[in-house]
Amino acid sequence: MSGAAPKPWPTELRLHKNRKTLTLTFDDGQAFDLSAEYLRVKSPSAEVQGHSPDERKTVAGKKNVAILEVNPVGNYAVRLVFDDLHSTGIFSWDYLIELGRNRQTYWQDYLDDLAEKGLAR
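Residues numbered from 1 in each chain as written. Predicted model: local features only at pLDDT ≥ 70, side-chain atom pairs only at ≥ 80, totals over all residues. Heavy atoms only, no water.

**Topic: the environment of Asp27**
Working step 1: Note on placement: Asp27 falls in the loop between β2 (21-26) and β3 (31-35).
Working step 2: Each C-alpha atom, one on Asp27 and one on Ser43, is 24 Å from the other, the two residues being 16 residues apart in sequence.
Working step 3: Those residues in contact with Asp27 that lie beyond four places of it in its chain are Pro8, Trp9 and Thr11. (Helix = DSSP H or I, 4+ residues; strand = E, 2+ residues; numbered from the N terminus. Contact = heavy atoms within 4.5 Å.)

Next comes the structure, spelled out in structure tokens:
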């Protein structure tokens with residue numbers, strides 16, 4: 001067994017009634033409220049991420065997107081189904097923690113990317 005600390009494990013995933021926010025709580029005390037829009041534009045799917053950094057797409061026009069379903073994938077991830085019918089992103093616990101910890105930076109990068117391309121949320 002390695003000396004690495006155990007990875008944080010989710011203790012709660014709660015989709016708010018308005019379906020616009022997913023709250024994640026982990027056993028190490030970290031908790032994040034991630035908006036449906038943020039999760040949609042940062043989807044780990046090949047459709048959004050491409051197969052290399054050069055292929056990554058800027059997803060615009062998702063300001064009002066909602067999450068319809070949160071489906072478990074084994075014991076390591078969830079698949080989110082959005083109301084625009086995007087459902088191919090598998091969000092691992094590690095990726096969700098990364099999104100939570102880096103939310104301000106990633107969100108600003110997204111807004112800058114939209115502005116640079118003349119796109120709207």
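**Topic: the pattern of salt bridges**
Working step 1: Per the stated rule, a full pass over the model turns up 8 salt bridges.
Working step 2: Between Glu37 and Arg121 there is a salt bridge, with the nearest N and O atoms lying 2.7 Å from each other. Of this pair, Glu37 sits in helix α1 (residues 36-41) while Arg121 sits in the segment after α4 (103-117), placing them 84 residues apart in sequence.
Working step 3: A relative accessible area of 5% means that Glu37 is categorised as buried.
Working step 4: Overall, the relative accessible area of 35% leaves Arg121 in the partly exposed class.
Working step 5: Between Arg40 and Asp84 there is a salt bridge, with the nearest N and O atoms lying 2.8 Å from each other. Of this pair, Arg40 sits in helix α1 while Asp84 sits in the loop between β5 (77-82) and β6 (90-92), and the two are 44 residues apart along the sequence. (Salt bridge = Lys/Arg side-chain N within 4 Å of Asp/Glu carboxyl O. Buried < 20%, exposed > 50% of the residue type's maximum accessible area, 1.4 Å probe, protein only.)

**Concerning the nonpolar core**
General note: in soluble globular proteins, nonpolar side chains tend to be found buried as a group.
Working step 1: Counting residues in each nonpolar core, the largest one holds 20 residues, and the members touching the most others are Leu34, Leu39, Ile67, Leu80, Phe91, Leu96 and Leu99.
Working step 2: The greatest single-element share of this core, amounting to 5 residues, is contributed by helix α3 (residues 93-101).
Working step 3: Once residues within four sequence positions are removed from consideration, Ile67 is found in contact with Leu15, Arg19, Leu22, Ala36, Leu39, Leu80, Val81 and Phe82.
Working step 4: Val48, Val59, Tyr110 and Leu114 belong to the second-largest nonpolar core, a separate cluster that totals 5 residues. (Core = buried A, V, L, I, M, F, W, Y, C linked by side-chain atoms within 4.5 Å.)

**Here's the deal with the side chain of Asn71**
Working step 1: Along the polypeptide, Asn71 turns up in strand β4 (residues 67-73).
Working step 2: For Asn71, the side chain forms a polar contact with the side chain of Glu69, separated by 3.1 Å.
Working step 3: Beyond its immediate stretch of four places on either side in the chain, Asn71 contacts Ala77, Val78, Arg79 and Val81. (Polar contact = N/O pair within 3.5 Å; in protein donor to acceptor, adjacent residues only side chain to side chain.)

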